[in-house]
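Report on the structure
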Amino acid sequence: MRITQGQFSFLPDLTDEQITAQIKYALKNGWAVNVEFTDDPHPRNTYWEMWGMPMFDLRDPAGILYEVNECRKAFPDHYVRVTAFDSSRSWETPRMSFIVNRPKEEPGFGLIRQEQNGRHVSYTLRSYATQKPEGERYR
Amino acid sequence: MGTSETIAEGKERYKSGVIPYKKMGYWEPDYQPKDTDIICLFRIVPQPGVDPEEAAAAVAGESSTATWTVVWTDRLTACELYRAKAYRVDPVPNTGGDTEQHYFAYIAYDLDLFEPGSIANLTASIIGNVFGFKALRSLRLEDMRIPVAYMKTFQGPATGIVVERERLDKFGRPLLGATTKPKLGLSGRNYGRVVYEALKGGLDFVKDDENINSQPFMHWRDRFLYCMEAVNRASAATGEVKGHYMNVTAATMEDMYERAEFAKELGSVIVMIDLIVGYTAIQSMSRWARKNDMVLHLHRAGHGTYTRQKTHGVSFRVIAKWMRMAGVDHIHAGTVVGKLEGDPNMIAGIYDTLREPVTEQNLQHGVFFDQDWASLNKVMPVASGGIHAGQMHQLLHYLGEDVILQFGGGTIGHPMGIAAGATANRVALETMVQARNEGVDIWNEGPKVLNKAAKWCQPLQAALDTWKDITFNYESTDTPDFVPVETPSA
């Protein structure tokens, strides 16, 4: 399967040039770019690990792409995403988020159903990868 | 502008009998509206022979303290404060002559005329009696300025655009939805199939239609159970948060709460109601949604009966404003390009009303007042009705990225199946957002961008082939009165 979180997951994986174009768009809007990575892609796993802090003061797209690539090099089998933060009043939230790296094999998720009274079912999503401890997944 | 004809307070003013509204204190051309006043702009068409200022005064009177005759009991109150004041009457551009003459009447209401936090009370005054008034041929509420002091008494959207996106973990692109079709007749099991296919294929949401409640072919619990199976299956298949708007519209509040509670128990992220449940029920559901971490979707069922005609009723801009105050998170607000009414300028005004922290006056968009929203959350507009993947560049151009694009027929009617239809829409969307961000002129280059993606995405190619010539070019009935005139350069 292919996890389709992020704003461009239905497109072919972005090239460095395409990533740079999106970074430029974020910078043009005054947003701060952050690189994040994880090996637990559960849709409710909000807090991916931060590759350093959001680059509030780095306004050079090439410099940001360099950080993206450093993160990909360090974690080639993790999910890596680029997020752009808008600090302006009434937003103060991410305005962009897209995946730039993913494991070669994506085993996906199992759906655990807990049957309850009547026909009521409680659902739990379990990533197959997280059956292994952190750091040993996707190998 | 005219001068005040108000009879001074005293014995003469309160002599039993009938005097014109203008003389009763409802026409005050020198009045300076206070920052805390509620201001209404009405379009008035007086009956033949009725003076427009008297007509405006009558509207002010009947929507505040007056009745048809003088009553001495006014003198027991601070009546001058409670009287709404018509203070400006302008002829509407491009009316009169051979056609009916329309007037814009500005009326100010003191803050103390209204109960805090109650749309029911606000509307009972503003649109309570006046629309049936014999002295008027027709009447339309065009816009309202709500003072910050009054705005702050409303909860506003239970969730809002920012928090909805954070909860769904979806940023930087419009959300995608579809309404299950056929609207009526599917069993719960068959219905859930449509939901599963569409979500797995790439949509974020699927939606009940306005008239799907609990009918003989599918009772509500069945629908909820099968839809949640579909939602969770699709979530597992994609790794994304998915949702289905469970329509909890029902005959009583007790029924609505029961259905909403069940949706919550099943883990739904969103419930839905129809506009026809009424303002009080909408505010109740908004409060429930805030308390239960639920997104609240509103279908504007019924609005066309009073919003569409320019001469009579309530502008949808005003309904949108009331709904943001009442506290819905989503509202259907027009598509420009689809099958339902929507002039591009008017839609822009409505979208600004829903999404901006401060909506600025823009006569061309039909927005007559600056409106400070006093930090009330933003409402996500929903564009639905006769739209398809081939229009993606136009949709993004007109509506921006904080919108839900709902392709019902455009998903379910896809020749390769529902999931393929959903994929076509999602690919069209992502490729268009990507192109826009890269600086491509999507208004002109949009079709080229779509064709390029269709080379590697067969479902998109099929969608473009199927609906390539489908447009809905009818003249809008609700159009702006003010059009920019080009000033010749010297």
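Residues numbered from 1 in each chain as written. Chains lettered and ligands numbered in written order. Predicted model: local features only at pLDDT ≥ 70, side-chain atom pairs only at ≥ 80, totals over all residues.

It is worth spelling out the overall build of chain A at this point. Counting its secondary structure elements, chain A contains two helices and six strands. The N-to-C order of helical and strand elements in chain A reads α-β-β-α-β-β-β-β. Projecting the C-alpha coordinates of chain A onto the three principal axes gives extents of approximately 55 × 40 × 25 Å. Each of the 139 residues in chain A was classed as buried or not, and the buried ones make up 30%. Across chain A, every contact between residues at least 6 apart in sequence was considered, and the portion connecting residues at least 24 apart equals 52%. (Helix = DSSP H or I, 4+ residues; strand = E, 2+ residues; numbered from the N terminus. Buried ≥ 20, exposed ≤ 12 C-beta atoms within 10 Å, placed from the backbone. Contact = placed C-beta atoms within 7 Å.)

To continue, consider the overall build of chain B. Helix and strand content of chain B: 18 helices and 15 strands. For 490 residues, the compact-globule formula gives about 23 Å, and the C-alpha radius of gyration of chain B, at 25 Å, lands near that figure. Seen through its C-alpha atoms, chain B measures out along the principal axes to roughly 80 × 65 × 35 Å. Residue burial in chain B is summarised as follows: out of 490 residues, 55% are buried. If you take every contact in chain B between residues at least 6 apart in sequence, the share linking residues at least 24 apart comes to 75%. (Rg over C-alpha atoms; globule rule 2.2 N^0.38 Å.)

Glancing now at the nonpolar core. By size, the foremost hydrophobic cluster in this structure holds 150 residues, and its most contacted members are A56, V59, A86, A105, I107, V271 and L460 of chain B. When residues of this core are assigned to their parent elements, the largest contribution, 11 residues, is made by helix α16 (residues 418–437) of chain B. Excluding its chain neighbours within four sequence positions, the residues that come into contact with L460 of chain B are A389, A424, V427, A428, L450, A453 and A454 of chain B. The next biggest cluster of nonpolar side chains, apart from the first, holds 19 residues, and it includes I19, V33, V80 and V82 of chain A. (Core = buried A, V, L, I, M, F, W, Y, C linked by C-beta atoms within 7 Å.)

Bringing the environment of E356 of chain B into the picture now. Its place among the elements puts E356 of chain B in the loop between α13 (344–355) and β12 (358–359). Between the C-alpha atoms of E356 of chain B and H330 of chain B, which are 26 residues apart in sequence, the distance is 14 Å.

To continue, consider the sheet that holds strand β7 (residues 243–247) of chain B. Strands pair in a sheet through their backbones, by hydrogen bonds, and they do so in one of two ways: parallel or antiparallel. All names here are of chain B. Here we have eight strands laid out as an open sheet, ordered β5-β15-β14-β11-β9-β8-β7-β6, and parallel in their pairing. Among the strands making up the open sheet, the edge pair consists of β5 (175–177) and β6 (205–207). Pairwise comparison of adjacent strand axes, ignoring direction, gives a mean angle of 25° for this sheet. Of the pairings in the sheet, the one linking strand β8 (residues 270–274) to strand β9 (residues 295–299) comprises five bridges and is parallel in character. Pairing of I273 across the sheet is with L298, part of β9. (Pairing = 2+ DSSP bridges. Axes fitted to C-alpha atoms, helices over the stretch in contact; angles between N-to-C directions.)

Residue and element names in this part refer to chain B. Reading across from one edge, β2-β3-β1-β4-β10 is the order of the five strands in this open sheet, with mixed pairing throughout. Every interior strand has two partners, whereas the edge strands, β2 (85–91) and β10 (313–314), have only one. Helix α2 (residues 52–62) contacts β1 (38–46), β2, β3 (103–109) and β4 (136–145) of the sheet and is inclined by roughly 140° relative to β2.

Residues and elements named next belong to chain B. In this model, α13 (12 residues) spans 16 Å end to end at C-alpha, consistent with the 16 Å of a helix rising 1.5 Å per residue. Within α13, 10 of the 12 residues are buried, which leaves it mostly tucked inside the rest of the structure. Among all positions of α13, only N345, M346, I347, A348, G349, I350, Y351, T353, L354 and R355 are buried. On the buried face of α13, the contacting elements are α6 (160–168), α12 (316–326), β11 (330–332), β12, β14 (380–384) and α14 (392–399). (Expected span 1.5 Å × (residues − 1).)

Tallying the contact residues gives 28 residues for chain A and 29 residues for chain B. Where the side of chain A that touches chain B is concerned, the elements lending two or more residues are α1 (16–28), β4 (93–101), β5 (109–115) and β6 (121–127) of chain A. Here the element with the most residues in the side of chain A that touches chain B is β4 of chain A; it accounts for five residues. Tallied by class, residues from the side of chain A that touches chain B come to 17 nonpolar, eight polar and three charged. (Nonpolar A, V, L, I, M, F, W, Y, C, P; charged D, E, K, R; others polar.)

Residue and element names in this part refer to chain B. For the pair helix α7 (residues 188–201) and α16, interaxial distance at closest approach is 7 Å and the crossing angle is 35°. Viewed along their axes, α7 and α16 form a crossing whose handedness is right-handed. When α7 is examined against α16, the residues V194, E197, A198, K200 and G201 are found in contact with a partner set consisting of I418, A419, A420, G421, A422 and T423. Residues belonging to the contact of α7 with α16 are distributed by class as follows: six nonpolar, three polar and two charged. (Left-handed = near helix turned anticlockwise from the far one by under 90°.)

All names here are of chain B. Along the polypeptide, I273 turns up in strand β8. With 29 C-beta atoms counted inside 10 Å, the residue I273 sits in the buried group. In this structure, the C-alpha to C-alpha distance between I273 and E166, residues 107 residues apart in sequence, is 23 Å. Apart from the residues within four sequence positions on either side, I273 is in contact with V248, T249, I282, M285 and L298.

What follows covers unusual backbone geometry. Of note, the amide linkage connecting K181 of chain B to P182 of chain B takes the cis form, showing an omega dihedral of -5°. Locating P182 of chain B in the fold gives a position in the loop between β5 and α7.

Turning our eyes to something else, we now look at the pairing of β1 of chain B. Residue and element names in this part refer to chain B. Of all the nine residues making up β1, nine are buried; the element is thus mostly covered by neighbouring parts of the structure. Residues I38, C40, F42, I44 and P46 point to one face of β1 and I39, L41, R43 and V45 to the other, with burial holding for every one of them. Bridging between β1 and β3 involves seven bridges; their strand directions are antiparallel. Bridging from a neighbouring strand, F42 pairs with A105 of β3. Here β1 runs beside β4; their pairing, made up of eight bridges, is antiparallel. Bridge pairing in β4 places L41 opposite D143.

So, on to the confidence of the model for chain B. For chain B, per-residue confidence averages 93 on the pLDDT scale, and 97% of positions sit at 70 or higher. ipTM for the predicted complex: 0.96, alongside a pTM of 0.95. (pLDDT = per-residue confidence, 0-100.)

Moving on: the pairing of β3 of chain B. Residues and elements named next belong to chain B. With seven of seven residues buried, β3 is to be regarded as a mostly interior element. Where burial is concerned, the two faces of β3 agree: the one with Y103, A105, I107 and Y109 and the one with F104, Y106 and A108 are both buried. Judged from the six bridges that link them, β2 and β3 form a sheet pairing that is antiparallel. Residue pairing in the sheet places D90 in a bridge with F104 of β3.

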